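Okay, here's what each chain looks like letter by letter:
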Amino acid sequence: MAVALITGASQGIGACIAKRLAKDGFSIAVNHYPSEGDKAKAIEVARECEAFGVKAVCFSADVSKMEDCETMVKAVRDEFGSIDALVNNAGITKDKLLARMGEDEYDAVIAVNQKSIFNMLKNVCPVMMRQKHGRIVNVSSVAGLYGNPGQINYSASKAAIIGMTKTVAKEYGRKNITCNAVAPGLIRTPMTDVLSDDIKAKMLDAVAMKRYGEPEEIAAVVSFLVSEDSSYVTGQVIEISGGLSM
Ligand code: NAD
């Protein structure tokens, strides 16, 4: 049975992707941040995945740390034997206008959103090379495509993910490993729940479909990108934003 590892899968989009890929028949490695709260939520996600008749196991790791990723990838291989799909989903925001943003807030977001992807790729790509097969999906954002006031750290990290995606697609294409990115717009998750009504209204105004996206609508595109149906799709960025910019 094919195995999918999803980072930051204890809630929001990551949890939804885990459940969708379980429904698709993947065995699921549910990564969660090493905190008691995230662990409890990840256990619940794994239980919901198992309801689709697949194996699901939780793996604690702070993906901004190389040694955590190394240990986790080894544990996933020991548990499941392979890693067929990797979804780099973990992410944080620390929003402030440039004038008010501290260096610590900049560095923290780059570490979790961008460096984590390097950490995961360094450890998972050799596994996929040996398998001669792999599907990688990186979760970027419309902020990485168009920029967003108050998100210089976040938009930098999400733009970098696009460059990393295309580079990996070029480096590993001949090894039958595809690497694509999704760029969600305004999606209803705990990350966006905290935005003020004013900001939400302004953002929705720019959306052609005049509504939020649901995490399931991101998971559906990821499901395609890890499936055999996308076998000749690589290095692409798929915007899932209800028509934010056309
Ligand atoms: P969320 O805050 O609900 O979930 C983020 C997950 O990442 C959480 O489970 C969190 O514990 C985990 N995480 C954070 N730091 C981690 C670390 N160091 N190690 C391991 N896990 C860590 O947010 P979400 O909305 O579900 O976002 C998921 C992804 O989608 C993120 O990369 C986010 O940037 C991206 N995204 C979200 C939206 C949106 O509107 N919600 C839009 C565009 C992109």
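Before reading further, recall that the structure is shown in the block above.
Thresholds applied
- Residues numbered from 1 in each chain as written.
- Predicted model: local features only at pLDDT ≥ 70, side-chain atom pairs only at ≥ 80, totals over all residues.
- Heavy atoms only, no water.
- Buried < 20%, exposed > 50% of the residue type's maximum accessible area, 1.4 Å probe, protein only.
- Helix = DSSP H or I, 4+ residues; strand = E, 2+ residues; numbered from the N terminus.
- Pairing = 2+ DSSP bridges.
- Right-handed = clockwise from strand over helix to strand, strands pointing away.
- Axes fitted to C-alpha atoms, helices over the stretch in contact; angles between N-to-C directions.
- Parallel < 35°, antiparallel > 145°, perpendicular 65-115°, else oblique.
- Left-handed = near helix turned anticlockwise from the far one by under 90°.
- Contact = heavy atoms within 4.5 Å.
- Nonpolar A, V, L, I, M, F, W, Y, C, P; charged D, E, K, R; others polar.
- Expected span 1.5 Å × (residues − 1).
- Near = heavy atom within 4 Å.
- Polar contact = N/O pair within 3.5 Å; in protein donor to acceptor, adjacent residues only side chain to side chain.
- Areas by Shrake-Rupley, 256 points an atom, 1.4 Å probe, with all protein chains shown as cover.

*Asks:* Provide a residue-level description of the pairing of strand β2 (residues 27–32), including the pertinent values.
*Replies:* For β2, the buried fraction is high: six of the six residues fall into the buried class. Residues Ser27, Ala29 and Asn31 line one face of β2 and the alternating positions Ile28, Val30 and His32 line the opposite face, and both faces are buried. Note: strand β1 (residues 3–6) against β2, four bridges, orientation parallel. Each bridged residue has a counterpart across the sheet, and for Leu5 the counterpart in β2 is Ala29. Taken together, β1, helix α1 (residues 12–23) and β2 form a β-α-β motif whose crossover is right-handed. When β2 meets strand β3 (residues 56–60), the two strands line up parallel, connected through five bridges. Paired with Ile28 across the bridge in β3 is Ala56.

*Asks:* Could you give me a rundown of the packing of helix α3 (residues 66–80) against helix α4 (residues 103–131), with the residues and numbers involved?
*Replies:* Two numbers describe a pair of packed helices, the interaxial angle and the distance between the axes. The interhelical angle for the contact between α3 and α4, taken along N-to-C directions, is 30°, at an axis separation of 8 Å. Comparing the axis directions of α3 and α4 gives the class roughly parallel. Considering only the axes of α3 and α4, their crossing is right-handed. On the side of α3, the interface is formed by Met66, Cys69, Glu70, Met72, Val73 and Arg77, while α4 contributes Phe118, Asn119, Met120, Lys122, Asn123, Val124, Val127 and Arg130. A class-by-class count of the residues in the contact of α3 with α4 yields eight nonpolar, two polar and four charged.

*Asks:* Please set out α1 residue by residue, giving values where relevant.
*Replies:* For α1, with 12 residues, the first-to-last C-alpha span of 17 Å sits near the 16 Å given by 1.5 Å per residue. Residues of α1 that are buried include every one of Ile13, Gly14, Ala15, Cys16, Ile17, Ala18, Leu21 and Ala22, and no others. On the buried face of α1, the contacting elements are β1, β2, α2 (36–50), β4 (85–88) and α9 (215–225). In the stretch just after α1, Gly25 is the one whose phi turns positive, near 105°.

*Asks:* Give me the site of the ligand: which residues, what numbers.
*Replies:* The full set close to the ligand counts 29 residues, and Gln11, Ile13, Asn89, Tyr154 and Thr189 are the nearest of them. Here an oxygen atom of the ligand sits 2.5 Å away from a polar atom, N or O, in the side chain of Thr189. Here the ligand loses 94% of its free accessible area of 830 Å² to cover by the protein chains. Looking at the shell around the ligand, the element that brings in the most residues is helix α7 (residues 190–193), giving three residues. A per-class count over the shell around the ligand returns 14 nonpolar, 12 polar and three charged.

*Asks:* Describe unusual backbone geometry, naming the residues involved and giving the relevant values.
*Replies:* A positive phi is found at Asn176, a non-glycine position, where the angle reads about 65°. For Asn176, the location among the structural elements is in the loop between α6 (152–172) and β6 (177–184). We note that Lys210 has phi near 55°; this positive angle belongs to a residue other than glycine. Along the chain, Lys210 turns up in the loop between α8 (197–205) and α9.

*Asks:* Break down the packing of α1 against α2 for me, citing the residues and quoting the values.
*Replies:* One can describe the packing of α1 onto α2 by two numbers: an axis separation of 8 Å at closest approach and a directional angle of 20°. On the basis of the axis angle, α1 is roughly parallel to α2. The element α1 and its partner α2 pack so that their crossing is right-handed. Seen from α1, the contacting residues are Ala15, Ala18, Lys19 and Ala22; seen from α2, they are Val45, Glu48 and Cys49. When grouped by side-chain class, the residues that make up the contact of α1 with α2 number five nonpolar, no polar and two charged.

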